Structure formats: C-alpha cells, structure tokens
Amino acid sequence: MNSKEIIEKYDSSVMHTYGRLPLAEQSGSCASCRDADGAEYIDFGSGIGTNSLGFADKEWADAVSAQAHTIQHTSNYYYNETAAIFASRLTQLTGMDSFFFGNSGAEANECAIKIARKYSHDRYGDGRNTIITLQNSFHGRTIATLSATGQDVFHQHFFPFVGGFKYCPANDIAALNELVDDSVCAIMFEAVQGEGGVNSLTPEFIEAIFTVAAERDILTIADEVQCGCGRTGKFLAVEHFGVTPDIVTMAKGLGGGLPIGVCLAKGDAAQVLTPGTHGSTFGGNPVVCAGANVVLERVSSEGFLDSVLEKSEYIKKALLEIPCVTGISGMGLMLGITLDGISASDLLKRCLEKGLLVLTAKEKLRLLPPLTISYEEIDRGLDILRSILCK
Ligand SMILES: *Cc1c(COP(=O)(O)O)cnc(C)c1O
C-alpha cells in the first residue's frame with residue numbers, strides 16, 4: 001500500500017482521537033526512517049520519546065525476536081527469567097526497593113496514586129487522600145490520571161472526575177506551602193514537565209517539596225514517564241536535583257518502543273500493595289522485558305549518559321545560532337525551543353515536508369531524538385531546521 005491508501009484504510013476504522021499528520025512510517029534505522037512511498041526522514045521525536053535506541057536497533061530487535069521464539073507471555077501467577085533480570089537491573093539502577101509492572105505511563109501513575117492513598121489510609125485512616133500535582137503537568141488519559149493532570153483543557157467532557165487533587169503553580173514555594181494541609185497524602189511532579197512545555201522545576205522548588213513532605217509524612221511521587229531512562233543525561237531526572245522520591249513512575253523510553261510502565265517505590269511505600277490490591281494482565285511481559293533489558297544495558301553502559309549530554313550541548317549551541325530561536329529549555333535530549341516569527345505548529349508541518357520529524361509542547365518546538373542519534377543525523381536534522389528558519 002502507498003501512504004495515501006494506508007491513511008485512508010486506517011482513518012476509516014480507527015477513532016480520530018489524534019490530529020494525525022499525513023505520514024505512514026514504514027521502516028527505519030537509528031534516527032532515520034522512510035515512509036511507505038520511500039521518502040526519507042530524520043527523527044527528532046522518537047515516537048514521543050519511546051524509541052530511545054532509535055528505530056529497529058539490531059541488538060534490541062534480536063532480543064525481542066529471540067524472546068518471542070522462546071516464550072511470549074506467562075500470567076502474573078508465574079515467574080519468568082527475562083522479567084526477573086529486568087526487575088533486578090531496574091531496582092539497582094534507580095536505587096528503589098521494588099516496583100509494579102504495568103504497560104503505560106498512565107497505568108504507572110494510577111499505581112502511584114493507589115499507593116499514596118493506601119499508604120495514608122493504612123497509617124492515618126480516612127480523610128487524608130489529597131494529592132498535590134502541578135499546574136501544566138501531564139499524568140495520563142485515564143479518569144484518575146486526567147484528574148491528576150493540572151490543565152483545565154483536560155477536565156472536560158468526562159464528568160465526574162476523581163476528587164482529591166489540588167494543583168500548585170510550578171516553582172511557587174509559597175503556593176505549595178499554602179496548599180499543604182492535613183488532608184494531603186502525596187505531592188506528584190515531573191522534574192522536567194514534558195507535555196506542559198518542557199519546563200524544568202527549580203532546585204529550590206524541588207527542595208521545598210521534599211522538605212514539607214518529610215515534615216508531614218507526605219509521599220513524593222516523581223513522574224519520570226517522559227524525562228526518565230537517560231533522557232535528561234541522568235538515568236532519572238531527579239538525580240540532577242539530588243533527591244530520592246518515595247515513588248517514581250517510568251514508561252515511554254523504557255521499552256525502546258514496546259509498551260511498559262513501572263511504578264517504583266522505596267522504603268515503607270514499597271510495602272503498601274499486597275496480594276489482591278493491584279494487578280495488570282500484561283504487566284511484566286517477557287517480550288517487552290527482553291527489549292527493555294537491552295535499553296537498560298545500553299543506557300547504563302560506560303559513557304552513554306555523557307554522550308547524551310554532549311549531544312545536547314551540540315544541538316543547543318547550533319540552535320542558539322539561529323536568529324529566530326529565542327530560548328531553549330529542558331535538559332539532555334529533552335529540549336523545548338522558543339521561536340520568534342513562526343509558530344511551533346507551523347514549523348512542525350514545514351519540517352515534515354522537508355523530511356524532519358519534530359514535536360511541539362504548548363507554544364514550543366519539542367525535540368526528543370533517540371538517545372542513540374548519530375552526529376551525522378543531528379547535522380542533517382539541524383540543516384533542515386536552518387533551511388526553514390534562516391531565510
Ligand atoms: C506520556 C506521559 C504520560 C502518559 O503515558 P501513556 O503511556 O500515554 O499512558 C504520563 N506522564 C507523563 C509525564 C507523560 O509524558
């Protein structure tokens with residue numbers, strides 16, 4: 001099928017929940033891909049940060065395929081070696097004690113919300129169930145995670161939403177301390193807000209979260225679904241701030257393009273969920289874990305995270321030389337670009353026409369290239385950006 005045929009077939013049967021672009025990706029390697037008509041693209045979006053090792057990484061694809069040829073799924077009533085290896089690696093890399101296996105970011109955050117509420121209920125009984133989240137946050141599309149998301153545009157259509165969430169302006173310490181009362185059981189945040197516009201929290205604000213949380217036995221929840229797994233140049237973005245949350249959620253880049261979501265916990269928070277209190281049929285799927293194992297090995301290999309930071313500096317330096325780039329936010333290979341004279345959504349469409357895949361976040365252009373992107377691919381992508389912006 002050519003692109004047009006694929007798009008027509010898909011659109012006639014799949015719900016139109018996305019403003020999709022007219023691109024049918026067919027095959028790829030690292031940060032380069034082709035559409036169904038053979039046109040080439042450089043990928044600065046990695047499937048919204050999921051293809052952390054790029055398209056069809058050989059080692060990753062071999063591991064996934066070998067696992068599919070061996071055993072593809074066990075129920076969660078049994079054990080499996082591939083999942084066990086992944087589990088011990090992940091707890092080692094994060095320093096967390098244990099985690100719950102799910103399949104997406106929203107599911108990981110649902111688990112975090114359940115842990116926070118049960119932790120508090122077990123200790124203090126009814127009424128201590130408020131979770132403070134941040135304005136401009138994004139935590140997922142289920143009813144509870146939409147409720148957690150601090151953006152009014154998401155609080156429409158699906159009433160009633162889940163109660164018990166309060167929204168604090170990011171980086172506003174006075175507002176945070178104002179919102180904290182005896183009903184609060186947890187504070188949930190993205191160290192670098194992704195969908196909300198690639199905004200890093202300030203070290204002072206993160207410190208304030210952890211200070212008030214420690215004083216009042218409030219759990220801290222870091223949503224690292226987008227900023228985790230090496231994306232910012234540390235395995236977890238919170239490592240830049242020197243804090244250890246009670247709960248960390250991860251998803252997007254962790255499976256290298258296969259669905260996985262985990263909710264990690266430390267200390268007493270890791271003891272909250274007991275048999276029968278939570279579950280997910282596909283959680284811990286061995287094929288997914290085989291791919292995720294390759295991601296963990298690669299991201300934790302000698303020099304890998306430094307290479308993410310080096311590529312980040314290289315891209316930032318080149319972008320800042322473009323006159324209409326007025327600012328760059330974010331960390332590592334999670335970058336938000338403020339533009340003068342062109343809207344991010346227009347630029348995204350122009351990039352697509354010229355063979356470059358990018359993302360937007362609010363009014364910014366957002367780049368989430370594969371962590372393995374080559375300098376040659378970076379240069380080709382930057383050339384396309386310059387050809388549009390420097391005229
Ligand atoms: C994408 C995202 C989610 C939701 O993940 P899904 O896999 O789409 O459910 C949650 N939190 C953050 C920070 C995200 O970027």
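Every value quoted in this text rests on a predicted model; they were computed, and no experiment measured them.

**Looking at the overall build of the protein**
From N to C terminus, the protein includes 12 helices and 17 strands. A globule of 391 residues ought to have a C-alpha radius of gyration of about 21 Å, and the protein, at 21 Å, matches this closely. With the principal axes as the frame, the protein shows a C-alpha extent of 60 × 50 × 45 Å. In the protein, which comprises 391 residues, the proportion classed as buried is 53%. Counted over contacts in the protein with a minimum sequence separation of 6, partners at least 24 positions apart contribute 72%. For the protein, the accessible surface area stands at approximately 17400 Å², while carbon and sulfur atoms represent 53% of it. A gap of 3 Å separates the mean positions of the 31 positive and 47 negative side-chain charges of the protein.

**A look at the nonpolar core**
Core analysis: the biggest nonpolar cluster contains 89 residues, and F86, L90, F189, M250 and V262 have the highest contact counts within it. It is helix 9 (residues 286-299) that provides the largest number of residues to this core, a total of 8 residues. Counting residues in hydrophobic clusters, the runner-up holds 22 residues, among them A112, I115, L219 and A265.

**Describing the sheet that holds strand 13 (residues 325-331)**
If you walk across this open sheet you meet the 4 strands as 13-14-17-16, and the pairing is antiparallel. Edge positions in the open sheet fall to strand 13 and strand 16 (359-361), since each of these has one partner strand only. Each strand axis lies, on average, 30° off the axis of its neighbour in the sheet, ignoring direction. Relative to strand 14 (residues 334-339), strand 13 is paired through 6 bridges, and the arrangement is antiparallel. By the bridge assignment, M331 is partnered in strand 14 with M334. Along the sheet face, helix 11 (residues 344-354) touches strand 14, strand 16 and strand 17 (364-367) and points at about 175° away from the line of strand 16.

**Regarding helix 12 (residues 375-389)**
The terminal C-alpha atoms of helix 12 lie 20 Å apart, and with 15 residues this matches the ideal 21 Å at 1.5 Å per residue to within 8%. Looking at helix 12, one finds that the buried residues are E377, I378, G381, L382, I384, L385, I388 and L389. On an axial view of helix 12, the arc spanned by its buried residues comes to 155°, and they lie on one face.

**Some thoughts on the site of the ligand**
Around the ligand, the structure places S104, G105, A106, N109, F138, H139, G140, E190, D223, V225, Q226 and K252. A distance of 2.8 Å separates a nitrogen atom of the ligand from a polar side-chain atom of D223. K252 has a polar side-chain atom sitting 2.6 Å from an oxygen atom of the ligand. Here the element with the most residues in the shell around the ligand is helix 5 (residues 105-124); it accounts for 3 residues. Here the residues of the shell around the ligand are counted per class, giving 3 nonpolar, 6 polar and 3 charged.

**A closer look at the packing of aromatic side chains**
Tallied over the full model, the rule gives 7 aromatic pairs. Ring geometry for Y314 versus Y375: centroids 5.0 Å apart, planes at 90°, classification edge-to-face. On the criterion of sequence distance, the pair formed by Y314 in helix 10 (residues 304-320) and Y375 in helix 12 is long-range, its members being 61 residues apart. Residue Y314 is classed as partly exposed on the basis of its relative accessible area of 33%. Three or more aromatic residues link up through ring pairs in this structure, and these residues are F86, F99 and F101. Over the ring of F165 we find R117; its NZ or CZ atom is 5.3 Å from the centre of that ring.

**Quick word on helix 5**
With 20 residues, helix 5 should reach 28 Å at 1.5 Å per residue; the first-to-last C-alpha distance of 28 Å fits that figure. Along helix 5, the residues that are buried comprise G105, A106, E107, A108, N109, C111, A112, I113, I115, A116, Y119 and S120. The first or second residue beyond helix 5 is G125, which carries a positive phi of 80°.

**What to know about the pattern of salt bridges**
Going through the model one piece at a time under the given rule, you end up with 17 salt bridges. Here R89 and E297 are joined by a salt bridge, their closest N and O atoms 3.0 Å apart. Here R89, found in helix 4 (residues 81-94), pairs with E297, found in helix 9; they are 208 residues apart in sequence, far enough to count as distant. What makes R89 partly exposed here is its relative accessible area of 24%. Judged by relative accessible area, E297 falls into the partly exposed class, the value being 36%.

**Comments concerning a nonpolar patch on the surface**
The grouping of I143, F158 and V162 at the surface amounts to a nonpolar patch, some 230 Å² of accessible area in total. Tracing the backbone shows I143 in helix 6 (residues 143-148). Residue classification places I143 among the partly exposed positions, given a relative accessible area of 36%.

**Remarks on the sheet that holds strand 10 (residues 219-223)**
Across the sheet, 7 strands lie side by side as 4-12-11-10-7-5-6; this open sheet has mixed pairing. Each end of this open sheet is capped by a strand with a single partner; those strands are strand 4 (98-102) and strand 6 (165-168). Here the strands of the sheet are splayed against their neighbours by 20° on average, with no regard to which way each runs. Here strand 11 (residues 247-250) pairs with strand 12 (residues 261-265) via 4 bridges, running antiparallel. Across the sheet, residue M250 finds its bridge partner in strand 12, namely V262. Strand contacts of helix 4: strand 4, strand 11 and strand 12, with the helix running at about 130° to strand 4, the strand carrying the most contacts.

About the criteria used
- Residues numbered from 1 in each chain as written.
- Predicted model: local features only at pLDDT ≥ 70, side-chain atom pairs only at ≥ 80, totals over all residues.
- Heavy atoms only, no water.
- Helix = DSSP H or I, 4+ residues; strand = E, 2+ residues; numbered from the N terminus.
- Rg over C-alpha atoms; globule rule 2.2 N^0.38 Å.
- Buried < 20%, exposed > 50% of the residue type's maximum accessible area, 1.4 Å probe, protein only.
- Contact = heavy atoms within 4.5 Å.
- Areas by Shrake-Rupley, 256 points an atom, 1.4 Å probe, with all protein chains shown as cover.
- Lys, Arg positive; Asp, Glu negative; His and termini not counted.
- Charge placed at Lys NZ, Arg CZ, Asp CG, Glu CD.
- Core = buried A, V, L, I, M, F, W, Y, C linked by side-chain atoms within 4.5 Å.
- Pairing = 2+ DSSP bridges.
- Axes fitted to C-alpha atoms, helices over the stretch in contact; angles between N-to-C directions.
- Expected span 1.5 Å × (residues − 1).
- Arc of directions from axis to C-beta.
- Near = heavy atom within 4 Å.
- Polar contact = N/O pair within 3.5 Å; in protein donor to acceptor, adjacent residues only side chain to side chain.
- Nonpolar A, V, L, I, M, F, W, Y, C, P; charged D, E, K, R; others polar.
- Phe/Tyr/Trp six-rings, centres within 6.5 Å; stacked < 30°, edge-to-face > 60°.
- Lys NZ or Arg CZ within 6 Å of the ring centre and 35° of its normal.
- Salt bridge = Lys/Arg side-chain N within 4 Å of Asp/Glu carboxyl O.
- Patch = residues over 30% accessible without salt bridge, like charges linked within 9 Å, V, L, I, M, F, W, Y side chains within 5 Å.

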